[in-house]
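# Topology and contacts: notes
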Amino acid sequence: MQNGAIDTAVSVGDLSRRRFLVGSIAGASLFAASGKLSIAAVGKDSLSLAMIGEPQVLDPMLATSDLVGTVMQHVFETLYTFDAKWNVVPLLANAMPDTQNEGKTVTIPLRQNVQFHNGQPVTVDDVLTSLERWMKMAAAGKAVARLLDKLSAPDAGHIRFDLKEAYAPLLAQMALISNMAAIMPKTVLKDQLDQFVGTGPYKFIERKPDQYVRMERFDGYTTGTEAHDGYGGKRQALVKELRFIPVPDANTRVEGALSGQFDFADLLPVEAAERLEKAGDGIKPIITENFGFPYIVFNTKEGVLKNVGMRQALQAAIGNEELLLASFGDPRFFRAEGNFFPEGTPFYSRAGVDNYNQNNPEKAAKLMQEAKYDGAPIRIMASRQYEFHYNIAQVLVEQLGRAGIKADLQVVDWATLVQRRNDPKVWDLYITHSGLLPEPMMSPPQLGDSAPGWWTTPEKTAMLKQFNTETDAAKRGQLWGKVQELVYHQVPYVIVGKFNALSCRSSKLEGYQPATWPYFWNTK
Amino acid sequence: MMAANLQFLARKLTGAIMVLLLVSVLVFVLMNLASGDPIAVLLGDQATSADIARVRAQYGLDQPLVLRYFSWLGQVVQGNLGTSIFVQLPVLQVLANRAEPTLLLAAMSVSIATLIGVPCGTLAAVRRGSKLDQIVSTIAMLAASIPSFWMGIILIRIFAVKLGWLPASGFGAPDAGLLLHIKHLILPAIVLGVLNSALIIRFTRSSVLDILHEDYVRTARAKGVPEFTIMVKHVLKNALIPIITVIGLTTALMIGGTVVTESVFNLPGLGSLVVQSVLRRDYPVIQGALLVIAMAYVLINFAIDLLYAVIDPRLERKG
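Residues numbered from 1 in each chain as written. Chains lettered and ligands numbered in written order. Predicted model: local features only at pLDDT ≥ 70, side-chain atom pairs only at ≥ 80, totals over all residues. Heavy atoms only, no water.

### Structural notes on the overall build of chain B
Heads up, the rule is: Put simply, DSSP H or I for four residues or longer makes a helix, DSSP E for two residues or longer makes a strand, and each gets a number counted from the N terminus. Only protein chains enter the accessibility calculation, which uses a 1.4 Å probe; a residue whose area is less than 20% of its type maximum is buried, one above 50% is exposed, and one in between is partly exposed. What makes two residues a contact is simply this: any of their non-hydrogen atoms within 4.5 Å. All accessible-area figures derive from a Shrake-Rupley calculation using a 1.4 Å probe, and residue coverage is judged against the displayed protein chains alone. Positive charges come from Lys and Arg alone, negative charges from Asp and Glu alone, with His and the N- and C-terminal ends not counted. Throughout, a charge is located at the NZ atom of Lys, the CZ atom of Arg, the CG atom of Asp or the CD atom of Glu.
Along the backbone of chain B there are 14 helices and zero strands. Helices and strands appear in chain B in the N-to-C order α-α-α-α-α-α-α-α-α-α-α-α-α-α. Overall, chain B is about 85 × 60 × 35 Å in size when its C-alpha atoms are taken along their principal axes. A buried classification covers 46% of the 319 residues belonging to chain B. Look at the contacts in chain B between residues 6 or more apart in sequence, and 73% of them connect residues 24 or more apart. Accessible area of chain B: about 15600 Å², with a carbon and sulfur share of 70%. Each charge class in chain B was averaged separately, 24 positive and 16 negative side chains, and the resulting centres sit 9 Å apart.

### Some remarks on the nonpolar core
For clarity, the cut-off: Each nonpolar core is a collection of buried residues, namely Ala, Val, Leu, Ile, Met, Phe, Trp, Tyr and Cys, held together in the definition by side-chain atoms within 4.5 Å.
With 246 residues, the main nonpolar core has L79, I159, F161 and M174 of chain A as its most contacted residues. Take this core: its biggest share by element is 12 residues, from helix α13 (residues 283-311) of chain B. Dropping the residues within four chain positions of it, L79 of chain A is found in contact with P90, L91, L92, A93, I108, L110, V127, L131, I159, M174 and I183 of chain A.

### With respect to a nonpolar patch on the surface
Residue and element names in this part refer to chain B. Under the convention used in this document: A patch consists of residues exposed above 30% relative accessible area that lack any salt bridge, with like charges linked at up to 9 Å and nonpolar side chains (Val, Leu, Ile, Met, Phe, Trp, Tyr) linked at up to 5 Å. We define a salt bridge as a side-chain nitrogen of Lys or Arg found within 4 Å of a carboxyl oxygen belonging to Asp or Glu.
On the surface, a cluster of nonpolar side chains totalling about 680 Å² of accessible area is made up of F149, W150, I154, I158, L163, W165 and V260. Within the element layout of this structure, W150 appears in helix α7 (residues 148-162). W150 gets classed as partly exposed once you look at its relative accessible area, which sits at 45%.

### Quick notes on the packing of helix α8 (residues 308-317) of chain A against helix α14 (residues 473-490) of chain A
A packed helix pair is summarised by two numbers, namely the angle formed by the two axes and the spacing between the axes. Residues and elements named next belong to chain A. Rules: Lines are fitted to the C-alpha atoms to define the axes, a helix being fitted only along its stretch in contact, and any angle between axes, read from their N-to-C directions, falls within 0 to 180 degrees. When describing relative orientation, an angle under 35 degrees is termed roughly parallel and one over 145 degrees roughly antiparallel, while 65 to 115 degrees is termed roughly perpendicular and anything else oblique. Three residue categories are used. Nonpolar comprises Ala, Val, Leu, Ile, Met, Phe, Trp, Tyr, Cys and Pro, charged comprises Asp, Glu, Lys and Arg, and polar comprises the others, including Gly.
Interhelical geometry of α8 versus α14 gives an angle of 100° and a closest axis separation of 8 Å. The pairing of α8 with α14 is recorded here as roughly perpendicular in orientation. Across the interface between the two elements, V308, R311, Q312 and Q315 from α8 touch Y488, H489 and Q490 from α14. Residue composition of the contact of α8 with α14, grouped by class: two nonpolar, four polar and one charged.

### Details of the packing of aromatic side chains
For clarity, the threshold we go by: Centres within 6.5 Å are what make two rings of Phe, Tyr or Trp a pair, Trp counting through its six-membered ring; a difference in plane orientation under 30 degrees is then read as stacked, over 60 as edge-to-face, and the rest as tilted. Two thresholds decide whether a charge sits over a ring: the Lys NZ or Arg CZ must be within 6 Å of the ring centre and within 35 degrees of the ring normal.
Per the stated rule, a full pass over the model turns up 34 aromatic pairs over all chains. Taking the centre distance of 6.1 Å and the plane angle of 70° together, the rings of Y295 of chain A and Y493 of chain A count as edge-to-face. With Y295 of chain A in strand β12 (residues 283-298) and Y493 of chain A in strand β17 (residues 493-495), this residue pair connects regions lying 198 residues apart in the sequence. With a centroid separation of 6.0 Å and 35° between ring planes, the pair formed by Y69 of chain B and W72 of chain B is classed as tilted. Placement of both Y69 of chain B and W72 of chain B in helix α4 (residues 65-77) is noted, with a separation of three residues, approximately one turn of the helix. A connected cluster of aromatic rings, assembled from ring pairs, spans F82, W86, Y231, W517, Y519 and W521 of chain A. The positively charged end of K301 of chain A is found above the aromatic ring belonging to W454 of chain A, 5.5 Å away from the centroid. Of note, R476 of chain A hangs over the ring of F467 of chain A, and the distance from its end group to the ring centre comes to 4.0 Å.

### Thoughts on the interface of chain B and chain A
Quite often, the size of an interface is put as the accessible area lost when its parts meet. Let me state the cut-off plainly: Buried surface area refers to the total accessible area, computed with a probe of radius 1.4 Å, that the two partners give up upon joining, counted for both partners together. Distance and chemistry together define a polar contact, namely a pair of N or O atoms within 3.5 Å, with one atom able to donate a hydrogen and the other to accept it when in protein, and with adjacent residues in sequence counting only for side-chain atoms on both sides.
Counting residues at the interface gives 59 residues for chain B, matched by 52 residues for chain A. Taken over both partners, the interface formed by chain B and chain A buries close to 4500 Å², and the fraction arising from carbon and sulfur atoms is 52%. Between D413 of chain A and R281 of chain B there is a salt bridge whose closest N-O contact spans 2.6 Å. There are 13 residue pairs in polar contact (both at pLDDT 80 or more) connecting chain B and chain A. Those elements that provide at least two residues to the side of chain B that touches chain A are α2 (38-43), α3 (49-58), α5 (91-126), α7, α8 (178-212), α11 (259-264) and α12 (270-279) of chain B. The biggest single contributor to the side of chain B that touches chain A is α8 of chain B, with six residues. Of the residues in the side of chain B that touches chain A, the class split is 31 nonpolar, 15 polar and 13 charged.

### Let's talk about the confidence of the model for chain B
Worth spelling out the cut-off: Confidence of the prediction at every residue is given by pLDDT, a number between 0 and 100.
Summarising the model, chain B shows a mean pLDDT of 89, and 97% of its residues fall at 70 or more. Complex prediction metrics read pTM 0.83 and ipTM 0.77.

### Digging into the sheet that holds strand β5 (residues 105-109) of chain A
All names here are of chain A. The condition is simple: Two strands pair under a simple rule: DSSP has to find at least two bridges between them.
Strand order in this open sheet of four strands is β4-β5-β7-β6, and the pairing throughout is antiparallel. Each edge of the open sheet carries a strand with a single partner, namely β4 (98-100) and β6 (148-155). Adjacent strand axes in the sheet meet at a mean angle of 15° when their direction is disregarded. Inspection of the sheet shows β4 paired to β5 by three bridges, in the antiparallel sense. If you follow T99 over to β5, its bridge partner there is V106. On top of the sheet, helix α3 (residues 124-137) reaches β6 and β7 (158-163); it is set at about 170° to β6, its chief contact.

Below, the structure is given as structure tokens:
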């Protein structure tokens, strides 16, 4: 009876099941067709750009992270920017500045007939007020403010910095995209911005946190006439809309790029390189060389490493190449070299590099003895926010162990690390990294006065003063060698090496130039 | 009857308020006891201690804990969950932005889990001891064991990368319609649906088995009632209580508990919002989001209680 009931159920349901099946197939086809065009990148009117995360803020003056600058550099512009060789070139300025009074008076001519996104013309008042805000809110601006006597507008077409002493990094600081010296309308400037109005080739449209930041072509954009060169020269918004999509999971960025969902995917894991290379003509992997450097910061204020002898001992124990291999694996993605700046750049120097990559536990042990090391564990702070920080920390523990140095590895989340590093009582060294920027004073922050690590010595102060007041570029380049040597001698930090970044683009994205801070003007 | 219903509602409401208060206190205390400073994260490497102290004061983070809690509670009572430290938007707006993907994904996942779980569990119970029963039990065990991130990656590789049938990630473009949003959720919904069907299969099987041997089922068969009618009208209807319970709990889990899947598919859901907010110590969002999730649990449980009374009127009479 049970079987009969089931058979009955089958025969009664058979016709309706067939209808259901046919209807489903028809519906599915319609469903597939309706959305098919939208699966892949939307087309020439729009670019979908997968970034490593959500920009913390959209105010470019506040943000120290490159992510914010990378996104908002399409909306905001600065007086100066960098060309492809990292030379400072004019952007909203009309020309390089006129420098007088041994570099203490810097007069900048302004480009005329530039419009903001809200239709207002850019006036000298807007520039002055923007720079005043920058000097109040941005760390880079504050460094300038400390040396400033007066900022003024001698006429409608110029602004002038009157400085207490010459400051060589001034233009580079103003060209940087993090802590950006962005020029905004005076009318929108306040401590907390609620409008994002700039002069860039794109105007800000909307932000949906953790979903996208959207911007559209600004039709009133006045481009320079110079040929496009790095971030300098002509900026054309060839694509109507840009969508910056936060995709925190690196694997998801890779899969999204491979499936054609993204036109560009930033900062991909090096393990994905092979897959991207074998993906066929639709995907172009991009390797950006000398993208950044991991470094180890020492606490020079309190604890075991307050003693410079102990810091030199650790430097002797460290094998930089091993640390880089553990972090990046593929040799195409790292370079173990002691010069802080690459060969061929203005600040290239080999001074002090004998101290790099020593990997010498015997020497370390001898230095420890001379420093009267009492055996207290070295407290190492690292975060898994960036997996390579953690890899470096693990190998470092082993390297120190070989030299007889005990290590206490404390793995914390990033929020805890940034809090604890401000307390000199709780750590001895921590691992971090930075982008490799064209101006030495931009990074690491330990070259400044108050960054964690608290490296303040008379030699540092004197040497950096000489370095920063030298306005002759060639002489300044040579002076950097002395700073580099001092870092190797006093060891406030150890630069592990340099790493290259992997990203990728759709082969349909034309005109894209690989850049440290990716930009999408002049692309289509 | 009316008085009994009102009493029932009053009891539930009081219980709900107690639960929400307790959750809010626990979250607040734990959050502030944990190390990490949202302002240090916000301001970045170059910030000095003076900068951090100044901005902490701007956000009221220098106030005593108790004061901050009651200040927040006072705002909540007025319908204001505060402002996100990081995105500078009202917390309610931040949560509202996550509502559509979260609720849509929950609805699709639970539907898939139910459509797999109930029929498979029923079949397994009806054919207890047979090969079909063993196959279903094995499938349930596998579904419970497979890591969601692994399944997600495999589905992406096959359906998005190799076949190009479905999107690899995200919730769809800003101007996308509902159909496209649903398309983006198909793969994650399959992951969550399959994984959560395991529990529904087990509960359905167990519950149906309990009912299958009841006298009234034997009587219905003896009377010649068709087997399908017996299964639907007599067996399933009486087995529904525990099944509804587990489906309800699964639904509650979908609200805020699907972080891994949201991460793999880059979905802007409530779960990933909570995790991101915890990582960057966005206190107002953590507090608001967890309160909302707790409220969802309370509401779903309340709905289940009401459904019980609908399915089994005897429960309503008992009050």
